[in-house]
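A structural walkthrough
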Amino acid sequence: ITADIWYLVNPPSATANVIVTMVSSRKFSTGAISYFGVDQDGPFPSSGVAGATGGATRSVPITTLYENSWVHTHYAERQVTTLTTSLTERYNQGSTGTPSNSNVTAIGDDRVTTLPGLYSGVYTTTNSNISAAIAMELKEAPGKNQSFVL
């Protein structure tokens, strides 16, 4: 299982669709978020990656470099029934079908930081399956207030 974050730096301001095309028959889960007020010259100063099996609680640590940044995390797990986060949840979606052990659930979440330092997204799951996660810091643009749109 893998977790990816794809992005556009300084995209045009418009309503658009996010289209995901798979090259083979794979189960996946996806979500989309648009952030405003992000520094376009250096939007992602830090990131973190985590993967785990076993245990009901998993953590994705990231050390931010700037104050007033967003931390966005995408967490994915195979064959999960319930997944919760310690951050502000923006999406929580899963695939269905057979075989059920190949289904994937993904959760996207974020939080605003106040000071640089270590932050962690903590995920609680009902299963002990393989998971993957990625987190990234979104640096605030000078003189801007950050916001988001689902």
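Preceding block: the structure.
A short tour of the structure in this document, coming up. (Residues numbered from 1 in each chain as written. Predicted model: local features only at pLDDT ≥ 70, side-chain atom pairs only at ≥ 80, totals over all residues. Heavy atoms only, no water.)

1. Considerations on the overall build of the protein
Scanning the protein from N- to C-terminus turns up 0 helices and 10 strands. Its helices and strands taken in sequence order, the protein reads β-β-β-β-β-β-β-β-β-β from the N to the C terminus. For 150 residues, the compact-globule estimate of 2.2 N^0.38 gives 15 Å, and the protein sits close to it at 16 Å. Across its three principal axes, the protein shows a C-alpha extent of roughly 50 × 35 × 20 Å. When each of the 150 residues of the protein is scored for burial, the buried share is 37%. Within the protein, contacts between residues at least 6 apart in sequence are counted, and of these 79% link residues at least 24 apart. Accessible surface computed for the protein: about 8800 Å², of which carbon and sulfur atoms make up 52%. Where the 8 positive side-chain charges of the protein centre and where its 10 negative ones centre are 9 Å apart. (Helix = DSSP H or I, 4+ residues; strand = E, 2+ residues; numbered from the N terminus. Rg over C-alpha atoms; globule rule 2.2 N^0.38 Å. Buried < 20%, exposed > 50% of the residue type's maximum accessible area, 1.4 Å probe, protein only. Contact = heavy atoms within 4.5 Å. Areas by Shrake-Rupley, 256 points an atom, 1.4 Å probe, with all protein chains shown as cover. Lys, Arg positive; Asp, Glu negative; His and termini not counted. Charge placed at Lys NZ, Arg CZ, Asp CG, Glu CD.)

2. Topic: the pairing of strand E3 (residues 57–64)
Every second residue of E3 is oriented toward a common face, the buried set being Arg-58, Val-60, Ile-62 and Thr-64 and the non-buried set Thr-57, Ser-59, Pro-61 and Thr-63. Judged from the 8 bridges that link them, E3 and strand E8 (residues 117–125) form a sheet pairing that is antiparallel. Within E8, the position partnered with Ile-62 by the bridge is Tyr-119. (Pairing = 2+ DSSP bridges.)

3. Structural notes on the environment of Ile-1
With respect to the helices and strands, Ile-1 occurs in the segment before strand E1 (34–36). Placed 136 residues apart in sequence, Ile-1 and Glu-137 show a C-alpha to C-alpha distance of 23 Å. Excluding residues within four positions of it along the chain, Ile-1 makes contact with Ala-76, Glu-77, Arg-78, Val-104, Ile-130, Ser-131 and Ala-132.

4. Here we look at the sheet that holds strand E5 (residues 83–85)
Ordered by their spatial adjacency, 3 strands build an open sheet running E3-E8-E5, and the pairing between neighbours is antiparallel. Two strands in the sheet have a free side with no partner beyond their single neighbour: E3 and E5. Here the average twist between neighbouring strands, direction ignored, is 20°. The pairing of E5 with E8 spans 3 bridges and is classified as antiparallel. Residue Thr-84 lies in a different strand from E8, and its bridge partner there is Thr-124. (Axes fitted to C-alpha atoms, helices over the stretch in contact; angles between N-to-C directions.)

5. Things to note about the pattern of salt bridges
Taken as a whole and assessed by the stated rule, the structure comprises 3 salt bridges. Here Glu-77 ties to Arg-58 by a salt bridge, and the two come within 3.7 Å at their closest N and O atoms. Pair noted here: Glu-77 is in strand E4 (residues 70–78) and Arg-58 is in strand E3, with a separation of 19 residues, a long-range link. Here Glu-77 matches Arg-58 in class, with each residue buried. (Salt bridge = Lys/Arg side-chain N within 4 Å of Asp/Glu carboxyl O.)

6. Remarks on unusual backbone geometry
Here the phi dihedral of Asn-10 falls at roughly 55°; this positive angle occurs in a residue that is not glycine. Within the secondary structure, Asn-10 sits in the segment before E1. Not every positive phi belongs to a glycine, and Asn-68 is a case in point at roughly 60°. Summarising the element assignment, Asn-68 is placed in the loop between E3 and E4. Using a relative accessible area of 32% as the deciding quantity, one classes Asn-68 as partly exposed.

7. A few points about the pairing of strand E7 (residues 104–112)
In terms of residue burial, E7 counts as a mostly covered element, since 7 of its 9 residues are buried. Where E4 lies against E7, 9 bridges are found, and the strand directions are antiparallel. Bridge pairing in E7 links Thr-73 to Asp-109. Here strand E6 (residues 88–94) runs beside E7; their pairing, made up of 6 bridges, is antiparallel. Its bridge partner lying in E7, Glu-89 is registered against Asp-109.

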